[in-house]
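# Reading the structure
Each chain, letter by letter, is given below.
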Amino acid sequence: MLPYEDADVVARNLAPRVADLNSKLPELMRRAAQGDKQAFANLYQATSAKLFGVALRISGRREIAEEVVQESFVAIWGRAKDYDPVRGSVMTWLVTIVRHCAIDQLRHSQSRPEGHSAPEDILSTFVSTGRTDISAELRALQRCLDELDRKPRQAVLLAYLYGMTRDEIAARLNVPVGTVKSSLWRSLERLQRCLGS
Amino acid sequence: MNYSRPELGERLAADYVLGQMPPLARRRFERAMAGSATIAAVVAAWSDRFAALDETTPAETPPARVWRAIDQQIGPGVRPPVRERWFLWRGFAALAVAASLALVVYIALNPMKPRQLLAAVEAKSGLAAIMETAKHSPADLGLSTMRLGVSERERPRWLRAALLITNQTVPLTEEDSPPAR
(Lines give C-alpha, C1' and ligand atoms only; values in the text may rest on other atoms or scores of the structure.)
Protein backbone atom coordinates (compact mmCIF):
# COMPACT_ATOMS: atom_id res chain seq x y z
CA MET A 1 0.00 0.00 0.00
CA LEU A 2 1.34 3.38 -0.97
CA PRO A 3 0.89 5.32 2.28
CA TYR A 4 2.85 2.68 4.12
CA GLU A 5 5.63 2.74 1.59
CA ASP A 6 5.78 6.52 1.93
CA ALA A 7 5.87 6.16 5.66
CA ASP A 8 8.80 3.81 5.43
CA VAL A 9 10.69 6.21 3.22
CA VAL A 10 10.06 9.08 5.65
CA ALA A 11 10.99 6.88 8.59
CA ARG A 12 14.28 6.02 6.92
CA ASN A 13 15.00 9.70 6.32
CA LEU A 14 14.16 10.57 9.90
CA ALA A 15 16.20 7.77 11.37
CA PRO A 16 19.62 9.45 11.18
CA ARG A 17 18.40 12.50 13.10
CA VAL A 18 16.92 10.37 15.86
CA ALA A 19 20.14 8.37 15.89
CA ASP A 20 22.15 11.62 16.24
CA LEU A 21 20.20 12.59 19.32
CA ASN A 22 20.44 9.14 20.84
CA SER A 23 24.12 8.85 20.09
CA LYS A 24 25.07 12.02 21.94
CA LEU A 25 23.09 11.16 25.07
CA PRO A 26 25.47 8.47 26.42
CA GLU A 27 28.37 10.92 26.19
CA LEU A 28 26.35 13.62 28.00
CA MET A 29 25.38 11.09 30.68
CA ARG A 30 29.00 9.99 31.12
CA ARG A 31 30.15 13.58 31.58
CA ALA A 32 27.25 14.44 33.87
CA ALA A 33 28.22 11.45 36.02
CA GLN A 34 31.65 13.06 36.42
CA GLY A 35 30.01 16.26 37.66
CA ASP A 36 30.08 18.16 34.38
CA LYS A 37 27.15 20.51 34.86
CA GLN A 38 27.29 21.83 31.32
CA ALA A 39 26.84 18.32 29.97
CA PHE A 40 23.95 17.90 32.38
CA ALA A 41 22.36 21.12 31.13
CA ASN A 42 22.69 19.83 27.57
CA LEU A 43 21.14 16.54 28.60
CA TYR A 44 18.20 18.49 30.01
CA GLN A 45 17.95 20.52 26.84
CA ALA A 46 17.88 17.39 24.70
CA THR A 47 15.43 15.31 26.73
CA SER A 48 13.21 17.50 28.92
CA ALA A 49 10.45 18.04 26.32
CA LYS A 50 9.86 14.34 25.87
CA LEU A 51 10.09 13.71 29.62
CA PHE A 52 7.71 16.58 30.40
CA GLY A 53 5.26 15.00 27.96
CA VAL A 54 5.49 11.69 29.81
CA ALA A 55 5.07 13.42 33.20
CA LEU A 56 2.03 15.33 31.88
CA ARG A 57 0.49 12.14 30.55
CA ILE A 58 0.73 10.40 33.92
CA SER A 59 0.03 13.26 36.32
CA GLY A 60 -2.53 15.00 34.12
CA ARG A 61 -1.72 18.36 35.72
CA ARG A 62 0.88 20.84 34.57
CA GLU A 63 2.03 22.04 37.98
CA ILE A 64 2.55 18.46 39.13
CA ALA A 65 4.28 17.51 35.89
CA GLU A 66 6.67 20.44 36.37
CA GLU A 67 7.47 19.24 39.88
CA VAL A 68 8.00 15.74 38.55
CA VAL A 69 10.49 16.88 35.91
CA GLN A 70 12.29 19.03 38.46
CA GLU A 71 12.49 16.26 41.05
CA SER A 72 13.51 13.72 38.43
CA PHE A 73 16.39 15.78 37.09
CA VAL A 74 17.69 16.47 40.57
CA ALA A 75 17.61 12.68 41.09
CA ILE A 76 19.23 12.08 37.69
CA TRP A 77 22.07 14.44 38.62
CA GLY A 78 22.55 12.59 41.89
CA ARG A 79 22.28 9.13 40.34
CA ALA A 80 24.02 9.72 37.00
CA LYS A 81 26.80 7.37 38.09
CA ASP A 82 24.27 4.52 38.34
CA TYR A 83 23.51 4.65 34.65
CA ASP A 84 25.08 1.68 32.89
CA PRO A 85 25.03 1.88 29.08
CA VAL A 86 25.16 -1.91 28.87
CA ARG A 87 21.76 -2.05 30.54
CA GLY A 88 19.68 -0.06 28.09
CA SER A 89 19.43 3.33 26.43
CA VAL A 90 19.76 6.66 28.23
CA MET A 91 16.26 7.70 27.19
CA THR A 92 14.71 4.54 28.61
CA TRP A 93 16.59 5.07 31.87
CA LEU A 94 15.42 8.69 32.08
CA VAL A 95 11.81 7.79 31.24
CA THR A 96 11.85 5.12 33.96
CA ILE A 97 12.93 7.68 36.56
CA VAL A 98 10.31 10.21 35.45
CA ARG A 99 7.52 7.59 35.33
CA HIS A 100 8.29 6.37 38.84
CA CYS A 101 8.52 9.90 40.15
CA ALA A 102 5.17 10.79 38.54
CA ILE A 103 3.56 7.63 39.91
CA ASP A 104 4.87 8.37 43.42
CA GLN A 105 3.45 11.90 43.20
CA LEU A 106 0.06 10.48 42.23
CA ARG A 107 0.05 8.01 45.11
CA HIS A 108 1.20 10.73 47.46
CA SER A 109 -1.42 13.25 46.43
CA GLN A 110 -4.14 10.58 46.60
CA SER A 111 -5.98 12.26 43.80
CA ARG A 112 -6.46 10.94 40.33
CA PRO A 113 -6.20 13.24 37.38
CA GLU A 114 -9.46 13.80 35.58
CA GLY A 115 -10.05 13.48 31.90
CA HIS A 116 -7.64 10.71 31.02
CA SER A 117 -8.75 9.61 27.61
CA ALA A 118 -9.12 5.90 27.03
CA PRO A 119 -5.64 4.52 26.38
CA GLU A 120 -6.71 2.73 23.26
CA ASP A 121 -8.00 6.00 21.87
CA ILE A 122 -4.55 7.51 22.30
CA LEU A 123 -2.98 4.64 20.48
CA SER A 124 -5.51 4.29 17.69
CA THR A 125 -5.67 8.04 17.08
CA PHE A 126 -1.93 8.13 16.91
CA VAL A 127 -1.57 5.22 14.55
CA SER A 128 -4.57 6.01 12.35
CA THR A 129 -3.75 9.67 11.70
CA GLY A 130 -1.31 8.40 9.11
CA ARG A 131 1.70 9.68 10.96
CA THR A 132 4.85 8.95 9.12
CA ASP A 133 7.24 8.93 12.03
CA ILE A 134 6.01 5.80 13.76
CA SER A 135 8.86 3.50 14.63
CA ALA A 136 9.03 -0.14 13.64
CA GLU A 137 9.02 -0.93 17.38
CA LEU A 138 5.69 0.84 17.94
CA ARG A 139 4.13 -0.89 14.94
CA ALA A 140 5.27 -4.27 16.23
CA LEU A 141 4.01 -3.51 19.72
CA GLN A 142 0.69 -2.29 18.38
CA ARG A 143 0.28 -5.45 16.31
CA CYS A 144 0.96 -7.64 19.35
CA LEU A 145 -1.30 -5.57 21.62
CA ASP A 146 -4.06 -6.08 19.07
CA GLU A 147 -3.75 -9.82 19.58
CA LEU A 148 -4.68 -9.49 23.26
CA ASP A 149 -8.27 -9.51 24.45
CA ARG A 150 -9.77 -6.10 25.01
CA LYS A 151 -9.67 -5.85 28.80
CA PRO A 152 -6.18 -7.33 29.27
CA ARG A 153 -4.96 -4.95 26.58
CA GLN A 154 -6.58 -1.99 28.31
CA ALA A 155 -5.08 -3.10 31.63
CA VAL A 156 -1.57 -3.07 30.18
CA LEU A 157 -2.08 0.33 28.58
CA LEU A 158 -3.67 1.90 31.69
CA ALA A 159 -0.74 0.65 33.77
CA TYR A 160 1.98 1.83 31.42
CA LEU A 161 0.51 5.05 30.01
CA TYR A 162 -1.15 6.37 33.17
CA GLY A 163 0.68 4.56 35.94
CA MET A 164 -2.57 3.22 37.37
CA THR A 165 -2.45 0.72 40.24
CA ARG A 166 -4.13 -2.67 40.00
CA ASP A 167 -6.93 -1.36 42.20
CA GLU A 168 -7.54 1.58 39.91
CA ILE A 169 -7.43 -0.59 36.81
CA ALA A 170 -9.86 -3.06 38.43
CA ALA A 171 -12.28 -0.22 39.21
CA ARG A 172 -11.98 1.26 35.76
CA LEU A 173 -12.48 -2.04 33.91
CA ASN A 174 -14.97 -3.33 36.42
CA VAL A 175 -13.11 -6.58 37.15
CA PRO A 176 -11.72 -8.09 40.41
CA VAL A 177 -8.25 -6.91 41.50
CA GLY A 178 -6.90 -10.47 41.42
CA THR A 179 -7.93 -10.75 37.80
CA VAL A 180 -6.00 -7.62 36.91
CA LYS A 181 -2.89 -8.96 38.58
CA SER A 182 -2.92 -12.28 36.72
CA SER A 183 -4.06 -10.77 33.44
CA LEU A 184 -1.24 -8.21 33.44
CA TRP A 185 1.27 -10.98 33.82
CA ARG A 186 -0.35 -13.21 31.20
CA SER A 187 -0.55 -10.31 28.77
CA LEU A 188 3.15 -9.61 29.18
CA GLU A 189 3.97 -13.25 28.52
CA ARG A 190 1.90 -13.16 25.35
CA LEU A 191 3.47 -9.88 24.26
CA GLN A 192 6.89 -11.34 24.85
CA ARG A 193 6.11 -14.36 22.68
CA CYS A 194 4.52 -12.20 20.01
CA LEU A 195 7.46 -9.78 19.91
CA GLY A 196 9.68 -12.80 19.51
CA SER A 197 12.26 -12.50 22.24
CA MET B 1 13.10 -12.10 48.77
CA ASN B 2 14.82 -14.47 46.42
CA TYR B 3 15.29 -12.55 43.19
CA SER B 4 17.31 -15.28 41.52
CA ARG B 5 14.34 -17.51 40.66
CA PRO B 6 13.95 -16.76 36.96
CA GLU B 7 10.17 -16.65 36.87
CA LEU B 8 9.92 -14.46 39.94
CA GLY B 9 12.58 -12.20 38.44
CA GLU B 10 10.54 -11.90 35.25
CA ARG B 11 7.36 -11.11 37.15
CA LEU B 12 9.01 -8.51 39.32
CA ALA B 13 10.64 -6.95 36.27
CA ALA B 14 7.23 -6.72 34.61
CA ASP B 15 5.73 -5.15 37.74
CA TYR B 16 8.60 -2.71 37.87
CA VAL B 17 8.25 -1.67 34.25
CA LEU B 18 4.46 -1.36 34.46
CA GLY B 19 4.81 0.78 37.59
CA GLN B 20 3.03 -1.66 39.86
CA MET B 21 5.55 -1.62 42.71
CA PRO B 22 5.09 0.45 45.85
CA PRO B 23 8.09 2.78 46.42
CA LEU B 24 9.81 0.65 49.08
CA ALA B 25 9.58 -2.58 47.09
CA ARG B 26 10.80 -0.67 44.08
CA ARG B 27 13.89 0.60 45.84
CA ARG B 28 14.65 -2.92 47.08
CA PHE B 29 14.23 -4.22 43.56
CA GLU B 30 16.50 -1.52 42.17
CA ARG B 31 19.21 -2.54 44.62
CA ALA B 32 18.79 -6.15 43.48
CA MET B 33 18.95 -4.99 39.88
CA ALA B 34 22.21 -3.13 40.54
CA GLY B 35 23.76 -6.38 41.72
CA SER B 36 22.35 -8.69 39.08
CA ALA B 37 23.06 -8.40 35.39
CA THR B 38 20.30 -10.94 34.72
CA ILE B 39 17.55 -8.91 36.40
CA ALA B 40 18.88 -5.72 34.82
CA ALA B 41 18.76 -7.33 31.37
CA VAL B 42 15.16 -8.49 31.83
CA VAL B 43 14.11 -5.01 33.00
CA ALA B 44 15.96 -3.35 30.13
CA ALA B 45 14.27 -5.65 27.62
CA TRP B 46 10.80 -4.85 28.98
CA SER B 47 11.52 -1.14 29.26
CA ASP B 48 12.72 -0.99 25.68
CA ARG B 49 9.62 -2.82 24.41
CA PHE B 50 7.27 -0.42 26.13
CA ALA B 51 9.35 2.65 25.36
CA ALA B 52 7.74 2.61 21.91
CA LEU B 53 4.45 3.62 23.58
CA ASP B 54 6.04 6.89 24.71
CA GLU B 55 6.19 7.91 21.06
CA THR B 56 2.42 8.37 21.23
CA THR B 57 2.89 11.10 23.85
CA PRO B 58 3.45 14.59 22.46
CA ALA B 59 6.65 16.22 23.66
CA GLU B 60 6.31 19.61 25.25
CA THR B 61 9.04 21.99 26.37
CA PRO B 62 8.70 22.63 30.10
CA PRO B 63 8.67 26.29 31.24
CA ALA B 64 12.08 27.86 31.94
CA ARG B 65 11.37 27.98 35.68
CA VAL B 66 11.74 24.20 35.81
CA TRP B 67 15.39 24.34 34.77
CA ARG B 68 16.01 27.32 37.05
CA ALA B 69 14.70 25.32 40.00
CA ILE B 70 16.85 22.30 39.08
CA ASP B 71 19.86 24.56 38.59
CA GLN B 72 19.34 26.07 42.02
CA GLN B 73 18.86 22.73 43.71
CA ILE B 74 21.91 20.97 42.32
CA GLY B 75 24.20 23.83 43.23
CA PRO B 76 25.73 26.99 41.85
CA GLY B 77 27.84 27.31 38.78
CA VAL B 78 25.62 25.55 36.30
CA ARG B 79 25.36 27.51 33.10
CA PRO B 80 21.93 27.68 31.48
CA PRO B 81 21.07 25.15 28.81
CA VAL B 82 22.52 25.63 25.39
CA ARG B 83 19.58 27.41 23.81
CA GLU B 84 19.45 30.17 26.43
CA ARG B 85 23.21 30.46 26.35
CA TRP B 86 23.08 30.70 22.59
CA PHE B 87 20.75 33.72 22.84
CA LEU B 88 23.13 35.28 25.34
CA TRP B 89 26.12 34.77 23.05
CA ARG B 90 24.20 36.03 20.10
CA GLY B 91 23.53 39.21 22.07
CA PHE B 92 27.20 39.62 22.95
CA ALA B 93 28.25 38.91 19.40
CA ALA B 94 25.84 41.50 17.99
CA LEU B 95 27.12 44.08 20.46
CA ALA B 96 30.74 43.33 19.63
CA VAL B 97 30.11 43.57 15.89
CA ALA B 98 28.29 46.89 16.34
CA ALA B 99 31.12 48.27 18.46
CA SER B 100 33.77 47.22 15.93
CA LEU B 101 31.81 48.77 13.09
CA ALA B 102 31.39 52.02 15.00
CA LEU B 103 35.13 52.11 15.64
CA VAL B 104 36.02 51.47 11.99
CA VAL B 105 33.60 54.17 10.82
CA TYR B 106 34.96 56.56 13.40
CA ILE B 107 38.54 55.88 12.35
CA ALA B 108 37.63 56.43 8.72
CA LEU B 109 35.80 59.70 9.41
CA ASN B 110 38.29 61.22 11.82
CA PRO B 111 41.79 60.99 10.46
CA MET B 112 44.30 62.35 12.93
CA LYS B 113 48.04 62.15 12.90
CA PRO B 114 49.59 60.04 15.61
CA ARG B 115 51.65 62.99 16.79
CA GLN B 116 48.53 65.07 17.35
CA LEU B 117 46.89 62.13 19.04
CA LEU B 118 49.85 61.54 21.29
CA ALA B 119 50.07 65.22 22.16
CA ALA B 120 46.41 65.25 23.04
CA VAL B 121 46.79 62.18 25.20
CA GLU B 122 49.96 63.49 26.80
CA ALA B 123 48.18 66.61 27.89
CA LYS B 124 45.80 64.44 29.90
CA SER B 125 47.66 61.36 30.96
CA GLY B 126 51.37 61.65 30.27
CA LEU B 127 51.28 58.54 28.16
CA ALA B 128 53.01 60.17 25.24
CA ALA B 129 56.47 59.31 26.54
CA ILE B 130 55.64 55.67 26.34
CA MET B 131 53.96 56.11 23.02
CA GLU B 132 57.06 57.81 21.69
CA THR B 133 58.99 54.66 22.15
CA ALA B 134 56.77 52.97 19.65
CA LYS B 135 58.91 52.58 16.58
CA HIS B 136 56.20 51.32 14.35
CA SER B 137 53.40 53.82 14.71
CA PRO B 138 51.18 53.80 11.66
CA ALA B 139 51.73 56.77 9.44
CA ASP B 140 48.20 57.99 9.69
CA LEU B 141 46.38 56.30 12.50
CA GLY B 142 43.00 57.92 12.52
CA LEU B 143 41.79 57.60 16.03
CA SER B 144 41.03 60.16 18.59
CA THR B 145 40.16 58.78 21.93
CA MET B 146 39.46 62.33 23.06
CA ARG B 147 36.64 62.70 20.58
CA LEU B 148 35.27 59.34 21.59
CA GLY B 149 34.80 60.73 25.06
CA VAL B 150 36.73 57.88 26.63
CA SER B 151 37.70 58.37 30.24
CA GLU B 152 41.37 58.90 31.05
CA ARG B 153 41.67 55.59 32.82
CA GLU B 154 40.24 53.75 29.82
CA ARG B 155 42.21 55.64 27.20
CA PRO B 156 45.31 53.43 27.06
CA ARG B 157 43.15 50.38 26.50
CA TRP B 158 41.34 52.09 23.64
CA LEU B 159 44.58 53.18 22.06
CA ARG B 160 45.98 49.69 22.38
CA ALA B 161 42.87 48.27 20.81
CA ALA B 162 43.04 50.76 17.95
CA LEU B 163 46.69 49.97 17.33
CA LEU B 164 45.98 46.27 17.44
CA ILE B 165 43.27 46.72 14.85
CA THR B 166 45.78 48.37 12.54
CA ASN B 167 48.22 45.55 13.30
CA GLN B 168 50.55 47.61 15.48
CA THR B 169 51.92 46.41 18.75
CA VAL B 170 52.75 49.23 21.06
CA PRO B 171 53.31 49.05 24.78
CA LEU B 172 51.04 51.60 26.40
CA THR B 173 51.38 51.09 30.11
CA GLU B 174 54.29 50.70 32.50
CA GLU B 175 53.64 46.98 32.87
CA ASP B 176 53.45 46.47 29.15
CA SER B 177 56.68 48.31 28.46
CA PRO B 178 59.70 46.24 27.54
CA PRO B 179 62.54 46.38 30.06
CA ALA B 180 64.72 49.43 29.57
CA ARG B 181 67.66 48.75 27.31
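Treat the numbers as computed from the prediction; the structure is a model and nothing was measured. (Residues numbered from 1 in each chain as written. Chains lettered and ligands numbered in written order. Predicted model: local features only at pLDDT ≥ 70, side-chain atom pairs only at ≥ 80, totals over all residues.)

## A closer look at the nonpolar core
Counting residues in hydrophobic clusters, the biggest one holds 68 residues, and the most contacted among them are Ala 55, Val 69, Val 98 and Ala 159 of chain A together with Ala 13 and Val 43 of chain B. Per element, the largest residue contribution to this core is ten residues, and it comes from helix H2 (residues 37–59) of chain A. Excluding anything up to four places from it in sequence, Ala 13 of chain B contacts Ile 39, Val 42, Val 43 and Trp 46 of chain B. (Core = buried A, V, L, I, M, F, W, Y, C linked by C-beta atoms within 7 Å. Buried ≥ 20, exposed ≤ 12 C-beta atoms within 10 Å, placed from the backbone. Helix = DSSP H or I, 4+ residues; strand = E, 2+ residues; numbered from the N terminus. Contact = placed C-beta atoms within 7 Å.)

## Observations concerning the interface of chain B and chain A
Tallying the contact residues gives 40 residues for chain B and 48 residues for chain A. Among the elements of the structure, helix H1 (6–17), helix H2 (23–35), helix H3 (37–51), helix H4 (64–74) and helix H5 (82–109) of chain B are those that each provide at least two residues to the side of chain B that touches chain A. With eight residues, H3 of chain B is the single largest residue contributor to the side of chain B that touches chain A. Its residues placed into classes, the side of chain B that touches chain A shows 23 nonpolar, eight polar and nine charged. (Nonpolar A, V, L, I, M, F, W, Y, C, P; charged D, E, K, R; others polar.)

## Things to note about helix H9 (residues 177–195) of chain A
Residue and element names in this part refer to chain A. The terminal C-alpha atoms of H9 lie 27 Å apart, and with 19 residues this matches the ideal 27 Å at 1.5 Å per residue to within 8%. Residues of H9 that are buried include every one of Val 180, Ser 183, Leu 184, Ser 187, Leu 188 and Leu 191, and no others. Taken end-on, H9 shows its buried residues confined to a sector of 140 degrees, consistent with a single buried face. The outward face of H9, more than 90 degrees from its buried face, is lined by the exposed residues Gly 178, Ser 182 and Arg 193. Where H9 terminates, the next one or two residues include Gly 196, which has phi positive at roughly 70 degrees. (Expected span 1.5 Å × (residues − 1). Arc of directions from axis to C-beta.)

## With respect to the packing of helix H7 (residues 150–162) of chain A against helix H8 (residues 166–173) of chain A
Residue and element names in this part refer to chain A. Here H7 crosses H8 at 135 degrees, and the two axes come no closer than 10 Å. Taken as axis vectors, H7 and H8 run oblique relative to one another. Crossing hand, H7 versus H8: right-handed. From H7, Lys 151, Gln 154, Ala 155, Leu 158 and Ala 159 reach across to H8, where they touch Ile 169, Arg 172 and Leu 173. Among the residues forming the contact of H7 with H8, the class breakdown is five nonpolar, one polar and two charged. (Axes fitted to C-alpha atoms, helices over the stretch in contact; angles between N-to-C directions. Parallel < 35°, antiparallel > 145°, perpendicular 65-115°, else oblique. Left-handed = near helix turned anticlockwise from the far one by under 90°.)

## Description of the environment of Thr 57 of chain B
Within the fold, Thr 57 of chain B resides in the loop between H3 and H4. Beyond its immediate sequence surroundings of up to four residues, Thr 57 of chain B is in contact with Gly 53, Val 54 and Arg 57 of chain A.

## Focus on the confidence of the model for chain B
Residue and element names in this part refer to chain B. Here chain B shows a mean pLDDT of 70. Residues at 70 or above account for 49%. Across chain B, the secondary-structure element scoring lowest on mean pLDDT is helix H7 (residues 128–132), at 47, and the one scoring highest is H4, at 95. With pLDDT under 50 throughout, residues 133–145 is counted as low confidence; its partners more than four residues away or in other chains account for 30 contacts. Below a pLDDT of 50 lies the segment residues 166–177, which in the model reaches 20 contacts outside its immediate sequence neighbourhood of four places, other chains included. Across the interface, the model reports ipTM at 0.80; the global pTM reads 0.64. (pLDDT = per-residue confidence, 0-100.)

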